[in-house]
Amino acid sequence: MASCDANPRCDSLDSLFKDLSKNVDIVSKQIKEGESTREPSGSFSSQQYWDAVDCIFKKLSTETTKLSLALSKKPFPSPKNANAMVTEIEKAMLSLASIFYTLPLTQGKVLQKAFKRTVVNVLESLHCFAIALLDCVNTAGDSQRLTWTGGVWQATDFQMPKDNKTCVLKELASTGELVEDALGEIGEAKETDGLIETMFMGDDENDESEEGATWSEQDKKVIEASTGLVKATKTVVKKCLEYVRKIGNDDTTALTPSLAADVVPFLDSLVDLTNQISPCVDQFVCGIYAPVNYVEMKDNGRHLADLVEQILQFLRSSPFTDTSDQSWLGFLHNAVDHNVKKLQKSTLPDQGHG
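Note that the structure is predicted; figures quoted are calculated from it, not measured.

> Let's hear about the packing of aromatic side chains: which residues, and what values?
Following the criterion strictly, the structure yields 10 aromatic pairs and no others. Through a chain of ring-to-ring contacts, three or more aromatic side chains come together here, namely Phe 44, Tyr 49, Trp 50, Phe 100, Tyr 101 and Phe 115.

> How would you sum up the environment of Leu 134? Please name residues and give values.
The topology assignment puts Leu 134 in helix 4 (residues 109-139). For Leu 134, a relative accessible area of 12% corresponds to the buried category. Not counting residues within four places of it along the chain, the set of residues in contact with Leu 134 comprises Asp 14, Phe 17 and Lys 18.

> Explain the packing of helix 7 (residues 217-246) against helix 9 (residues 263-274) to me, using residue names and the numbers behind them.
Contact pair helix 7 / helix 9: the axes reach a minimum separation of 12 Å and the direction vectors enclose 170 degrees. When the interaxial angle is binned, helix 7 and helix 9 end up roughly antiparallel. Together, Cys 240, Tyr 243 and Val 244 of helix 7 and Phe 266, Leu 267, Leu 270 and Thr 274 of helix 9 make up the contact between the two elements. Its residues placed into classes, the contact of helix 7 with helix 9 shows 6 nonpolar, 1 polar and no charged.

> Just give me the short version of the environment of Asp 325, but keep the residues and values in it.
Relative to the helices and strands, Asp 325 resides in helix 12 (residues 323-346). Each C-alpha atom of the pair Asp 325 and Lys 239 lies 9.7 Å from the other, and the pair is 86 residues apart in sequence. Excluding residues that lie within four positions of it along the chain, Asp 325 makes contacts with Tyr 243, Lys 246 and Phe 320. Separated by 2.7 Å, the side chains of Asp 325 and Lys 246 make a polar contact.

> Could you give an account of the packing of helix 1 (residues 13-33) against helix 3 (residues 79-100), naming the residues involved and the relevant values?
Where helix 1 contacts helix 3, the axes come no closer than 10 Å and their chain directions differ by 0 degrees. One way to sum up the angle between helix 1 and helix 3 is to call them roughly parallel. Across the interface between the two elements, Leu 13, Leu 16, Phe 17, Leu 20, Asn 23, Val 24, Val 27 and Ile 31 of helix 1 pack against Pro 79, Ala 82, Asn 83, Val 86, Ile 89, Glu 90, Met 93, Leu 94, Ala 97 and Phe 100 of helix 3. In the contact of helix 1 with helix 3, the residues fall into 15 nonpolar, 2 polar and 1 charged.

> How would you sum up the pattern of salt bridges? Please name residues and give values.
Here the structure, examined in full by the defined rule, presents 21 salt bridges. Glu 171 serves as the salt-bridge partner of Arg 117, at 3.3 Å between the closest nitrogen and oxygen. Of this pair, Arg 117 sits in helix 4 while Glu 171 sits in helix 6 (residues 164-191), placing them 54 residues apart in sequence. Residue Glu 180 is joined to Lys 234 by a salt bridge in which the shortest nitrogen-to-oxygen separation is 2.5 Å.

> Quick one: what's the story with unusual backbone geometry, residue by residue and with numbers?
Omega for the bond connecting Lys 74 with Pro 75 falls within 30 degrees of zero, at 0 degrees, which places this linkage in the cis form. With respect to the helices and strands, Pro 75 occurs in the loop between helix 2 (46-70) and helix 3. Omega for the bond connecting Ala 290 with Pro 291 falls within 30 degrees of zero, at -5 degrees, which places this linkage in the cis form. Mapped onto the fold, Pro 291 is located in the loop between helix 10 (277-285) and helix 11 (294-316). A positive phi angle, close to 60 degrees, is found at Asp 193, a residue other than glycine. Within the element layout of this structure, Asp 193 appears in the loop between helix 6 and helix 7.

> Requested: an account of helix 12, with residues and values cited.
Compared with an ideal rise of 1.5 Å per residue, which puts 24 residues at 34 Å, helix 12 spans 35 Å between its outermost C-alpha atoms and is within 8% of the ideal. Residues of helix 12 that are buried: Asp 325, Trp 328, Leu 329, Leu 332, Ala 335, Val 336, Asn 339, Val 340, Leu 343 and Ser 346. On its buried face, helix 12 is in contact with helix 7, helix 10 and helix 11.

> Can you explain the nonpolar core? Please cite residues and give values.
What tends to happen in soluble globular proteins is that the nonpolar side chains get buried as a cluster. Counting 98 residues, the largest nonpolar core has Phe 17, Leu 67, Leu 96, Phe 115, Ile 311 and Leu 315 as the members making the most contacts within it. Looking at this core element by element, the count peaks at 14 residues for helix 4. Those residues within four positions of Phe 115 in sequence are excluded, and the remaining contacts are Tyr 49, Trp 50, Val 53, Phe 57, Leu 96, Phe 100, Leu 103 and Met 160.

Criteria and cut-off values
- Residues numbered from 1 in each chain as written.
- Predicted model: local features only at pLDDT ≥ 70, side-chain atom pairs only at ≥ 80, totals over all residues.
- Heavy atoms only, no water.
- Phe/Tyr/Trp six-rings, centres within 6.5 Å; stacked < 30°, edge-to-face > 60°.
- Helix = DSSP H or I, 4+ residues; strand = E, 2+ residues; numbered from the N terminus.
- Buried < 20%, exposed > 50% of the residue type's maximum accessible area, 1.4 Å probe, protein only.
- Contact = heavy atoms within 4.5 Å.
- Axes fitted to C-alpha atoms, helices over the stretch in contact; angles between N-to-C directions.
- Parallel < 35°, antiparallel > 145°, perpendicular 65-115°, else oblique.
- Nonpolar A, V, L, I, M, F, W, Y, C, P; charged D, E, K, R; others polar.
- Polar contact = N/O pair within 3.5 Å; in protein donor to acceptor, adjacent residues only side chain to side chain.
- Salt bridge = Lys/Arg side-chain N within 4 Å of Asp/Glu carboxyl O.
- Expected span 1.5 Å × (residues − 1).
- Core = buried A, V, L, I, M, F, W, Y, C linked by side-chain atoms within 4.5 Å.

Here it is in structure tokens:
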């Protein structure tokens, strides 16, 4: 990241682009392993911060395009001229890393993680672009240069949410979609009566006892109760979305300063809980295929129900919960409790099954 005077990287385009690739990789690893620890200051302006981020993204896109065009045909630029363009890219890259670390913690952990994903994606695209430039000068291959020029454009043009609440809503929506996918998997399993459709048939004759197995009548009762529990979980995620949407919408001016300051940490804690739902549901749904292991289904169902109840209790004790929320919170508690009891009861006649 220096001038060409006595700089080995200016000996050739190959050395220059290898150095660029290495530098991008170093910064990318630092971002992946670190996070902002900046304490808030009264001078922070969200609008100014994100405007500055947008300017850096545009700078990266512009400088990448300039270098890409310079290598679009021969004669290629001299190492000295190419270094000037690479240096501008590196300056913008360092500005991006610097501004990432200045996002105050009070803006929210979910927002910070979303921004980190965006920054890492930009840097990974930039790294691929540098590798493509090496291919361009060494093998005369041009397709990857064009591909990763576009990759940098796309990464820097990504419109990420710029406040914690919007990021939380996006996370919750994603969780809801994953739970919906799990319900879809249960529906598909019902079409085959619990039969696992394998792509590869094993040669081990010991596997024949399970190949082609379908649900027993008791299995079907277990699956019915399991489906009810996953549906109740889906409804909880949906209500979380509605709950978060209303915070600060109609009564922003009514929130006391201390209560307003609680919004961000509350939303961060909620997402910490709801992000556990998808892997928990996946673990649960993995057990629906014949022959059903009742002990595993009962234990995994209990684990899912405990997690959902923890979320409901978290909302129940929230300062943002009013009397109108208590009704649906109570209803969902009863729905989860009903389905987990139904699941436990359905496994009782033959606990040794599976």
